[in-house]
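Residue-level structural notes
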Amino acid sequence: MMSSASSLLPTGVLSQPYDSIGNNPFGTHSESVLDVGNCDSINSVQYKKRRMSDSVEVAVSLPTLHSSEYFIRPSIDELAASELVDSGYCSRVPNVVVGRVGYGHIKLFGYTDVRGLNLDHIIKFDRHSVVVYENEIDKPEVGHGLNKAAEVTLILQLRSSGSKGLESERLITKLQKSADRQGAHFLSFNSVNSEWKFLVPHFSRFGLDEDEEDDMVVDDVDAQPAAEIKEPQVHSDGLVLSHSLPAHLGLDPVKMQEMRMLMFSVEEEDEEFDGSFPHEKRYNSKEYMKTGSPSSSAKSFNNRTPLQGSSRKTDSKVSPHTVRKAPQALLEYNINSSELSPSRNILMTGQNKGMQLRLTKIEGFKLEEKHPTPLSGGYSKNIVDAALFMGRSFRVGWGPNGVLVHSGTPVGSSRSGLSSVISVQKVAIDRAVRDENNKVKEELVDLCFSTLLDLHKSLDHEATDVDLGSCKIKLLKVVCNRITLSEICRAYIGIVEKQLEVTGLSTSSRVLLMHQVAIWELIKVLFSERETSGNSKPLIDDDGEEMLVDMKDSSVDIDIEARPFVRRAEFSYWLQDSVCHRVQEEVSCLNDSSYLEHILLLLTGRQLDAAVELAASRGDVRLSILLSQAGGSIVNRSDMAQQLDLWRMNGLDFEYIENDRLRLYELLAGNIQGALQGSSVDWKRYLGLVMWYQLPPDTSLPIIIHTYQQLLDKGRAPHPVPAYIDEGPLEEAVDWSVGDRYDIAYYLMLLHANEDKTFSPLKTMFSALSSTHDPLDYHMIWHQRAILEAIGAFSSNDLHILDMSLVSQLLCLGQCHWAIYVVIHMPYDDNFPYIQANLIKEILLQYCETWSTQEIQRQFIEDLGIPSEWMHEALAIYFQYIGDLPKALEHFLKSSDWQKAHSIFMTSVAHYLFLSSKHSEIWRITSSMEDHKSEIADWDVGAGIYIDFYVIISSLQEENIMSELGHLFKDVRRAMQSACVHSW
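Notes on the structure in this doc start here. (Residues numbered from 1 in each chain as written. Predicted model: local features only at pLDDT ≥ 70, side-chain atom pairs only at ≥ 80, totals over all residues. Heavy atoms only, no water.)

1. Some words on the packing of helix 18 (residues 563-587) against helix 25 (residues 683-694)
Angle between the axes and distance between the axes: these two values describe a pair of packed helices. It is at 9 Å that the axes of helix 18 and helix 25 come closest, and there the two elements cross at 130°. When the axes of helix 18 and helix 25 are compared, the pair comes out oblique. Crossing hand, helix 18 versus helix 25: left-handed. Together, R568, F571, S572, W574, L575, Q576, S578, V579, R582, V583 and E586 of helix 18 and K684, R685, L687, G688, M691 and W692 of helix 25 make up the contact between the two elements. Class assignment of the residues belonging to the contact of helix 18 with helix 25 gives a composition of eight nonpolar, four polar and five charged. (Axes fitted to C-alpha atoms, helices over the stretch in contact; angles between N-to-C directions. Helix = DSSP H or I, 4+ residues; strand = E, 2+ residues; numbered from the N terminus. Parallel < 35°, antiparallel > 145°, perpendicular 65-115°, else oblique. Left-handed = near helix turned anticlockwise from the far one by under 90°. Contact = heavy atoms within 4.5 Å. Nonpolar A, V, L, I, M, F, W, Y, C, P; charged D, E, K, R; others polar.)

Now the structure itself:
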């Protein structure tokens, strides 16, 4: 081989060491210089032309393989070398092997023409399958190209838990059947490395289908194939290369290659190592034409130190002002290289050090959740690239007014998964004040926030002074009792009803507003009390059945013993009113012939009068008589239950009685499950059925609620889902799982039934999702918490999320004064004594432009007792930020921040005032700071000089001395002006 290559060289060149195909292994920049003393310039030029011509011919003959997951044997290097020595070799390559790391390979029998083939496009390996010529139009005839007989090897991923069973004859039999079904010939299956080999006469798609995968393998990426799990291979020069990242993660290499091509330019990819085989480097036609031989480039790299290689690239590509390159993927590093200093990250590839950063406008990649990623499974031990690893630390960031910066799924989107796209979104914190066209309505802003808070402010409060050292603030707390609770609830209901009158509201918004009305009514029913004058009257009839009382009739006095029954009656009336519209909706869907089902639906809403009239109008007099006694005496229910039992014991054929009539009888007997017979009702109606027809009429309300809770825990009662899920409709889907969160009405019932015991689910009760589908809307829940806590229904210092969430909503709408009002209503906590002060200062500082320009807000904040020093401090920082230093100085003085005031005075204000002859102003400022000079550093060489100067001036009383000093003063001022002009 050396002799044939030597004959191609000019005379005198053999003194220089060459490789087996005549290329200089040290490259064109080697320190060794070719000895060409006996060679004339013409021979040298002819040699170069002939070499370039050979390079072009070889490059045209080579196949292309760009994917880092795929490999070919013989390698591209070996094909190029053989083609250079033996022209036409690529048209008759024997026993070609093409494969994908971790997936398998194919061995083409005989001689194969690989010239110019795009192997990435032709051969596609997937899990447990391979496709050659996916597009039938491009497929050549059998025996031509790659459409020929071959041996296929696929690596199966077996269940780790059942590997012994999969080695049995049953698995081999299934693989044989699969091969026969596809027209292939089964060869073998190696249970050690999970390799399945079979012969194919030509190509289409071969492998396992989905059903076969489910039956035999199905362990997609939980366990890597034995052939893929290897120790890192070390090159002869100490170069350690990583595994292929996409194959390691079980991702589609074609898609990953496309994403990499979007994010990295071609020049950068040319310098990277291929991940297919650690000892091979990838080349394309452009690279080959530059060097003349892939081997020469590879060997020249291997004979250079990493520092030499890096410096050569820097000389040729880096601009004079080198830009630091962004972190690269884990490609390779030299464990012995001097480049690995303590400050250098091992994840950064040395081959790209010093390259200039290229700016490319790209969209990034989005990986759906169905694809396994290091974030969606147990992949913490896998090798991941630096960008993904470091990108996880970005997380999320909140900006002002609901601006959210994140790298995840856009808010409100159903898509999930991994993404490299940074999203900047405006989150709708103010969704509660938007109409059906998503426009903010000022009328709703006033009703949802200002009017509600005005009502809250009009209630009685108690103030608590908190000493903060230099100043004090007053924390407020609403004071009310259960006797005045009814009036307070009616006031809140009135405001919500005004919101319902606003035009342009969406259907879901109206449903939620109606729900808020029902919640305030429920609070009034469960927790309000009445004043008694001593003239009590019983409100229970002879049968023990409750009678409804008009709450507006304040002249009625109730006996203390009768109060539980009155509350039970009021709760019953609230239930009837809450489910009335649901009953009417279902009744409207019935036809006239099903009057018994109609009656049953009326009973679920306790509309007894309508049910009795309907039965009588159909001539069913006996049924109407029974219905008139429904939910009354226990004796009547017992008689009905005994009658049904007698019929069953006597073998009555129930086929002659309508099924709906039997269901009515079961309900009248107190058997709710028998009456429903699997049909579903909402949770409020089910609670009513338990209360009206199952339990005795004198059962107290806490027992009724606990009975429903027990049925719910046993799975025999419907879940009390929130109103926006139970009634809808919503513009967007809402996820809900069993036990996730219940409706706030249910929690209020539990709070009442809990009596004096500790109530644990307070946080869940007052979460936004218990009342509304908007997880950021707390504008009504905050008021409900405040009123319930004021009447003593519960006590908690762990509900700051309600306060902070409402503060965020108010700030988003520019209501800074109301935000501070909410802050001073936060309960005091000994563990965090300064939390209110810090929040108020933050609001004043961040929203200074808003409250300082609106006199109403500014006056409101002052009326709340907020220290004026805090307001002036915020204004001072604001004016300093915008560059208005004289105003900043004034506000620093008013805020008693003497050190900052002195600093601004000396550096930015004093010289201007002095040159402008505003001595009275200088005297005013310095004298105001003199009383606090102990707090000011460098007072004697700062503002103290001005004090001393004016004191000396005032002490000189003689006119001649003053005249001389006047001339001197003018000379000093003239010199200072000249110095200032030169400095400017």
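Read on, since the account is not over.
2. Things to note about the packing of aromatic side chains
For the structure on display, the rule yields 24 aromatic pairs. Ring centres 5.6 Å apart and planes at 90° place the aromatic pair Y742 and Y746 in the edge-to-face group. A residue is classified by how much of its surface remains accessible, and Y746, at 3% relative accessible area, is buried. Positioned over the ring face of Y103 is R100, at 3.4 Å from the centre of the ring. Cation over ring: R127 sits above Y103, and NZ or CZ is 3.7 Å from the ring centre. (Phe/Tyr/Trp six-rings, centres within 6.5 Å; stacked < 30°, edge-to-face > 60°. Buried < 20%, exposed > 50% of the residue type's maximum accessible area, 1.4 Å probe, protein only. Lys NZ or Arg CZ within 6 Å of the ring centre and 35° of its normal.)

3. Digging into the pattern of salt bridges
Under the counting rule described, the total for this entry stands at 21 salt bridges. In this structure, D620 engages R661 in a salt bridge whose closest nitrogen and oxygen atoms are separated by 2.7 Å. Highlighted residues: D620 in the loop between helix 20 (608-617) and helix 21 (621-628) and R661 in helix 23 (residues 659-668), separated in sequence by 41 residues. No difference in accessibility class separates D620 from R661, as the two residues are buried. When salt bridges that share partners are traced, they join E586, D682 and R685 into one network. (Salt bridge = Lys/Arg side-chain N within 4 Å of Asp/Glu carboxyl O.)

4. Section: the pairing of strand 8 (residues 150-155)
Both faces of the sheet carry side chains from a regular strand, because those side chains alternate between them. Most of strand 8 is tucked away: six of the six residues are buried. Here strand 8 shows a buried face lined by A150, V152 and L154 and a second buried face lined by E151, T153 and I155. As paired elements, strand 4 (residues 104-108) and strand 8 share five bridges and run antiparallel to each other. When the bridges of strand 8 are listed, G104 appears paired with L154. Here six bridges tie strand 8 to strand 10 (residues 195-200), and the two strands are oriented antiparallel to one another. Pairing of A150 across the sheet is with V200, part of strand 10. (Pairing = 2+ DSSP bridges.)

5. Side note on the environment of I76
Considering the arrangement of structural elements, one finds I76 in helix 3 (residues 76-85). Judged by relative accessible area, which is 12%, I76 ranks as buried. Here the alpha-carbon distance between I76 and T64, two residues twelve residues apart in the chain, equals 8.4 Å.

6. Some words on helix 35 (residues 855-863)
Of all the residues in helix 35, the buried ones are Q857, F860 and I861. For helix 35, the buried positions fall inside an angular range of 100° around the axis, keeping them on one side. Opposite the packed face of helix 35, turned more than 90 degrees from it, sit the exposed residues E855 and D863. Contacts made by the buried residues of helix 35 are with helix 15 (442-458), helix 32 (816-823), helix 33 (835-846), helix 34 (848-852) and helix 36 (868-882). (Arc of directions from axis to C-beta.)

7. As for the sheet that holds strand 11 (residues 205-207)
Overall, antiparallel pairing links the three strands, which are arranged 6-7-11 in an open sheet. Two strands close off the open sheet at either side, each with one partner strand: strand 6 (123-126) and strand 11. On average, each strand axis in the sheet is tilted by 15° relative to the strand beside it, whichever way the strands run. When strand 6 meets strand 7 (residues 129-132), the two strands line up antiparallel, connected through four bridges. Considered in strand 7, the bridge of K124 is made with V131.

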